[in-house]
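Overview (structure and organization)
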Amino acid sequence: MKQQQQQNRNININQNQSSSPNKGVGDILFLLDTSTSMNAVFDFLVKNIDVFIEKLKIETKAINQWDLRVGVVAGNRLEHFIMPFNNDIQKISNGLKRIMDERKKANECILMGIDLALTELEWRKNARRIMIVFTDEKLSTNYKPEVQSEGLQEIIKRLMEMKILLIFYSPECPDYKSLAVLPKSKIDFISSKNDLIERNRLEAIFDSLLKSLSASFYHNIQLSLLVNYETRIYNENFKLTLL
């Protein structure tokens with residue numbers, strides 16, 4: 001899959017260069033923790049993402065009026081599901097359902113997931129780039145926490161160079177708190193995983209996301225040349241399933 005995406009990279013970038021700089025262009029990536037500890041909340045979270053995307057289409061008409069794409073990276077130490085950026089609502093919904101049905105249970109590896117999102121997906125250089133992360137565990141309980149922590153500064157560097165706006169939901173954690181250095185990013189610490197299954201709390205999260213994303217596409221922004229990273233920070237051989 002990696003080699004196939006490498007072959008497509010130049011084609012995608014050249015096509016994207018023709019997009020109008022005045023048109024709202026955005027790539028939104030959902031990065032989801034599919035670990036064992038997420039069992040009680042994962043299905044509910046995914047269903048709310050599905051509803052959120054439908055609202056984004058209906059309330060802002062973003063998919064139709066603007067060049068907006070949604071992608072997904074979801075996984076743990078055993079496997080990661082990767083849905084390339086696209087604007088097909090039904091495909092996105094089907095992919096989320098497949099993740100719910102097929103995911104395996106194992107320890108989370110959130111920073112390694114971010115690493116995959118930065119290297120395995122095609123982020124457009126003329127787009128607003130947004131990554132939304134959901135996890136219910138601190139880095140200290142992740143798979144290989146020391147190894148992940150060692151790569152944290154490089155993760156921050158790459159997110160900053162790619163001008164990705166990070167929206168991050170997790171328990172309070174010193175490592176994740178350091179992500180707040182990223183410009184305009186939002187690091188929101190949840191008190192417990194119950195925050196992700198409490199309906200009012202989760203609906204409030206997505207309503208806030210919808211408002212902020214909708215507003216952002218009404219304003220022109222200057223985007224510098226996008227850095228495309230092809231080499232991963234972490235040398236882990238995950239099973240990758242392309243959706």
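None of these values were measured; they are calculated from a predicted model. (Residues numbered from 1 in each chain as written. Predicted model: local features only at pLDDT ≥ 70, side-chain atom pairs only at ≥ 80, totals over all residues. Heavy atoms only, no water.)

Describing the packing of helix 5 (residues 110–120) against helix 7 (residues 152–161)
Helix-helix packing: each pair is described by the crossing angle between the helix axes and the interaxial distance. Remark: helix 5 packs on helix 7, axes separated minimally by 11 Å, with the N-to-C direction vectors making an angle of 35°. Where helix 5 crosses over helix 7, the two elements pack in a sense that is left-handed. Only Leu152, Ile155, Arg158 and Leu159 of helix 7 make contact with helix 5, whose side of the interface consists of Leu111, Ile114, Asp115, Leu118 and Thr119. Counted by class, the contact of helix 5 with helix 7 contains six nonpolar, one polar and two charged residues. (Axes fitted to C-alpha atoms, helices over the stretch in contact; angles between N-to-C directions. Helix = DSSP H or I, 4+ residues; strand = E, 2+ residues; numbered from the N terminus. Left-handed = near helix turned anticlockwise from the far one by under 90°. Contact = heavy atoms within 4.5 Å. Nonpolar A, V, L, I, M, F, W, Y, C, P; charged D, E, K, R; others polar.)

Some thoughts on the pairing of strand 4 (residues 128–134)
With seven of seven residues buried, strand 4 is to be regarded as a mostly interior element. Side chains Arg128, Ile130, Ile132 and Phe134 of strand 4 all project onto a buried face; the interleaved residues Arg129, Met131 and Val133 project onto the opposite face, where all are buried too. Where strand 1 (residues 25–33) meets strand 4, seven bridges bridge the pair, whose relative direction is parallel. By the bridge assignment for strand 4, Ile28 is matched with Ile130. (Buried < 20%, exposed > 50% of the residue type's maximum accessible area, 1.4 Å probe, protein only. Pairing = 2+ DSSP bridges.)

Concerning the nonpolar core
Residues Ile114 and Met131 are the most contacted members of the largest nonpolar core, which totals 36 residues. For this core, the elements supplying multiple residues, two or more each, are strand 1, strand 3 (79–86), helix 5, strand 4, helix 7 and strand 5 (164–171). Considering each element in turn, this core owes the most residues, seven residues, to helix 5. Apart from residues lying up to four places away in sequence, Ile114 is in contact with Leu31, Met131, Ile155, Leu159 and Phe168. Formed by 35 residues, the second largest nonpolar core is a distinct cluster that contains Val46, Met83, Leu202 and Leu243. (Core = buried A, V, L, I, M, F, W, Y, C linked by side-chain atoms within 4.5 Å.)

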